[in-house]
Every structure is written in structure tokens, then in C-alpha cells.
Amino acid sequence: MTIYENIGRLTSYALTCGLIKKEDVIYTENRLLELFKLDGFETPEAAQLPSVKTEELETILKEMLDYAAEKKLFEDLGTVSRDLFDTKIMGLLVPPPSSVIKEFQGLYKKSAEKATDWFYKFSCDTDYIRRYRIIKDMKWQTSTEYGDLDITINLSKPEKDPKAIAAARNAKQGGYPACLLCKENEGYAGRMNHAARQNHRIMPITLNGESWFFQYSPYVYYNEHCIILSGDHIPMKIDRNTFVRLLDFVTQFPHYTLGSNADIPIVGGSILTHNHFQGGRYTFPMAKAPVETDFTLPGFKNVRAGIVKWPMSLIRIDSADKGELTNAADHILKKWRSYTDKEAFILAETNGEPHNTITPIARRKGDLYELDLVLRNNITTEEHPLGVYHPHANLHHIKKENIGLIEVMGLAVLPSRLKKELSLLQEAMLAGRNLREDELLSKHADWAQEILKKHTDFNEKNAEAILKEETGLVFSHVLEDAGVYKRTEEGRKAFKSFVDTL
């Protein structure tokens, strides 16, 4: 297709998706002509709008990018530079924030679900969420003693090639926006070391009487994966206000779950510098896990409490009384912050550095509010320099990264390298090759040996399914490593000792 035809196709796409109205067609075409440094259409017919399907967007943008690179409208250094330019293209089709907010708030008056349904589709239609990348992610479930865990290998977050890495290193280190979660990202052009967001819109909401913003994650690890970010660039902090904000959100959006990463390194998320939450319209494996030991919280007669059957150390509390539930959660947090049990290797602090915190998750269950409070500790030792309650070295061949909120809830976000490695591992195991002599696969050698002992009928028909199942089981062990109290008799007694202090 010519650039003129693709301008028509993209304008038609925007009209079909409702990003523009018919009165905006000529205006949109002219803005696109300007971007591509064109004076006009070659013929009147070229300006006519063809019928376009939404799934054609990837092809349209690719052809436009190829043209722009050929005409030196941007320096093509791979995915990063192409993403910067195609976001600039899409930004020309997106209504201003005021119009988007008005639409969202109008729909919210009808129902919260109508508002989020529209906003999620809008965030996909603008290509802020790149649907054609999301569908490449590998996803499956693995049955474990804790229920079915969700396993994903994330392929939608583009990996930077060497040219882009070098360009990012040499790029000016700007302080605006202060981070990728700041409200100032809305409409920002981006640079080689900061994603473009001209096609990005955020919804203002109020939590705990404060200014917060609702947006979706561009990588969508699960259905309607949203991020709720503070209007101020302030660090992550788990305190009483956290519980108030989480419960405020699920009051306003009862069909969504919302949780927070922990607020200290190792057990926290990848961004600790900006206070934010993550949630979505998804039932995580954790939410399905049953309470196995009930206990009472003195002073909180309207709150039920229990220890949940989960690989990590999880206390669940629920109540119809939002205020009392908040107070109960704050009570547990404060007790845990200062709790030390040397025999169980739970140290509240060492040399003035605090170690104990909580990963909290809020959801609605009918008229009840439910909070899951996961006990976390980030202490390190010489044996476990990345964290005692972190995936241990024998599991790093599958998962070495921090165990954040999403994994805590039972959804593994595994590195993209595993797609290639598991495929090659399957071939090597079927061929009977010596994995210890393979530079890429040697890290999987011990694991592969255990799999072959366990599955003596490992063959071409079942190999892929077995490797997926065993990958999921490794993830369950990853979560067990991250649990401060192990699921042993000794661990249960130590957990009970903490509960008895509440």
C-alpha cells in the first residue's frame, strides 16, 4: 500500500473504533499528511476511506513506519525507535483528556462496569495496549496442592536490541517525567530511554480524599490489568492509608481486585519510587484458596480472620464493616512490622534496616470486603544474597526476579527467554543430548534429569505438556521460597506464634 492509502486506512480505523467522528475525517487526514511531510493526496480518490478491520492496525502501522524510516523521518534503530514514532502517529487520532474523562464519567453514572469496559477497549483501540503483541504471550495453568496456578511467559514487552540500548545510554538523562508512572506521562513524546505516551489517557479518581489516577498496563499480564497511581511522585509506603485507599477503590469498582506491592526492596515491585497499586477484572488463584485455620482478632468482633492454604504466609480478613476491617489490617501490619522470632529467622530489623512488611490485596465478596495480607521479609544472608525469602538459587533457571504482587497472587510472569529455552530443552531431552555441554541449557540440566526420572514415558507426544507442567510446579516452589513460614509442622507452629500476638 502507498503512504496515501495507509493514511486513508488509518483514518478509517480511527472512525471504525470511535476514536474520531465523521466530522473529524478531513482534519485527521491533514494531520497525518503533515506528520509524513506530504502536501496533499496524489488524487481525490486517494483520500477516500476504505473499509478496515481493527486487526489490520499492525500491518498499517508497519507500512507507515517503513515509509517514514525510508524518508528519514526518524532513525530506525529497531523496536524502541519504531514504537516512539508509531505512538506519535496514533497520538494524532486520540481525543484530548477532557473528552475521554467526560465519556468515562458519563458511563460511570450508569455503572462502573460500563465505564471500565469502554476505557479498556479505548486503551486497546489507541494502540496504547498493543493487542497484536499481547496475543503472543504464552499462558497455561498448572495444578498444584494450592490449586491451579496461572503461568505466563511474557512476550509482549519488547526486548531492546543492542542499537537501542546504546542509544538509550547516550540519550539525555531527563528528569521529566520523573518516572513511568507519573501523571505527566499523559501525551508525552518519549525518548530512547522513556516510552512515548501520546496515545495514553488516565482517569482521575479520589481515594482516601486524595488525587489518584486510573490507567491500564500496556502489557496486560491478565484481564483488564490496571494501574492506580498517586497524583504525586512519592515512594511506595504500606500503612493504614494503604488499606483505606484499596477499600475505597473496590467500593467504587466492586468488579475489580486491587493490591499493592510491598514497600521495601527485594520483596517489592520494580518501581518503589512512585506509590501505586495494581489490579484488574480477574480472579487470581489466591482468591480461590481456602482458609484452613480460623482465628479470632480480639477487639475486632465484626472481622473474620484465618490463615489461608497458600505457599506464601497469608492472613485473610473480611467484614461488611469497611472501617473495622481497615483498623484490623492496620493492627496486623503494626504487629508484623515489629515482630521478631529468631528461631524462625524472622528479624524485624538488623542494623536499623527494617525487614518486615506486607503485600495487601483487596476485593469484594458480595456485601463483604476482603483483605489478603501476605507477610513479607527481605533479609539477606551470605547463603542467600538476593533474599532468604526469595527464589533460591536452584530455581533461578526458571525465575530469579523479585516476587511482586502479581506472582504473590498466583500468576507467574516468567522471562521471555524461556520460550526459546523450553523449546530447545525439549528437543535436547528427546534427543538424549548432554545438557551440561550446552552453554544455553546447562542451567536446566539438573531439573531435566529430575523430570526424566519422574516421567519415564517422556516422548514427542507429551514432552511439551510435561515441561509446561513442571515449569508450573517450579513456580509453586518459588512461592514457597518466598513464604516466611514454611508449610511444615515447624513452620505452622511459628506462624501460630505470630497470630497469637494479634
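This text follows the structure it describes.
The present account deals with the structure reproduced in this document.

## Brief notes about the overall build of the protein chain
When you go through the protein chain residue by residue, the secondary structure sums to 16 helices and 15 strands. Whereas a compact globule of 502 residues would reach a radius of gyration of roughly 23 Å, the protein chain reaches 25 Å, a difference of no more than 12%. Taken along its principal axes, the extent of the C-alpha atoms in the protein chain is 80 × 60 × 40 Å. Counting over 502 residues, the protein chain shows a buried share of 56%. Surface exposure of the protein chain reaches about 23,100 Å², of which carbon and sulfur atoms provide 50%.

## Some points on the sheet that holds strand β4 (residues 210-216)
The antiparallel open sheet is built from 10 strands, whose spatial order is β3-β4-β5-β7-β6-β13-β14-β10-β9-β8. Two strands bound the open sheet, and with one partner strand each, they are β3 (203-207) and β8 (291-295). Averaged over neighbouring strand pairs, the angle between their axes works out to 25 degrees when direction is ignored. Sheet analysis places strand β10 (residues 314-319) next to strand β14 (residues 368-377), joined by six bridges and oriented antiparallel. Looking across to β14, one finds that R316 is bridged to D372. Sitting on the sheet, helix α6 (residues 112-125) is in contact with β3 and β4, with an inclination near 60 degrees to β4.

## Brief notes about the pattern of salt bridges
Applying the stated criterion across every chain, the model contains 35 salt bridges. Here E407 and K399 are joined by a salt bridge, their closest N and O atoms 2.9 Å apart. Comparing E407 with K399, the two get one shared label, buried. A single network of salt bridges, built from pairs that share partners, joins D83, D86, D127, R130 and R133.

## A short note on unusual backbone geometry
The omega angle of the peptide bond from Y176 to P177 is -15 degrees, so this bond is cis rather than trans. The phi angle at D127 is positive, at roughly 70 degrees, despite the residue not being glycine. Structurally, D127 is set in the loop between α6 and α7 (131-134). Positive phi, normally seen in glycine, also occurs at N351, with a value near 50 degrees. In this structure, N351 sits in the loop between β11 (349-350) and β12 (353-354). We classify N351 as exposed; its relative accessible area is 85%.

Rules used throughout
Residue indices begin from 1 for each chain and proceed along its sequence in written order. Reporting in this predicted model follows two pLDDT cut-offs: at least 70 for local features of residues, and 80 or more for side-chain atom pairs to be given and counted; totals over whole chains, interfaces and linings ignore these cut-offs and use all residues. Note: side-chain values were computed over all heavy atoms of the structure, leaving out hydrogens and water. Numbering goes from the N terminus for both helices and strands, where a helix is a DSSP run of H or I of at least four residues and a strand is a run of E of at least two. Here the radius of gyration uses the C-alpha set of atoms, whereas the globule reference equals 2.2 Å times the residue count to the power 0.38. Per-residue accessibility, obtained with a 1.4 Å probe over protein chains only, is compared with the maximum for each type, and a residue is labelled buried under 20%, exposed over 50%, and partly exposed between these values. A 1.4 Å probe and the Shrake-Rupley method give the accessible areas. Residues count as covered only by the protein chains that appear here. Paired strands are those between which DSSP finds at least two bridges. Only the contacting stretch of a helix is used when fitting its axis, a line to C-alpha atoms as for every element, and angles between N-to-C directions run 0 to 180 degrees. The criterion used for residue contact is that any of the two residues' heavy atoms lie within 4.5 Å. In what follows, salt bridge is the name for a side-chain nitrogen of Lys or Arg lying within 4 Å of a carboxyl oxygen of Asp or Glu.

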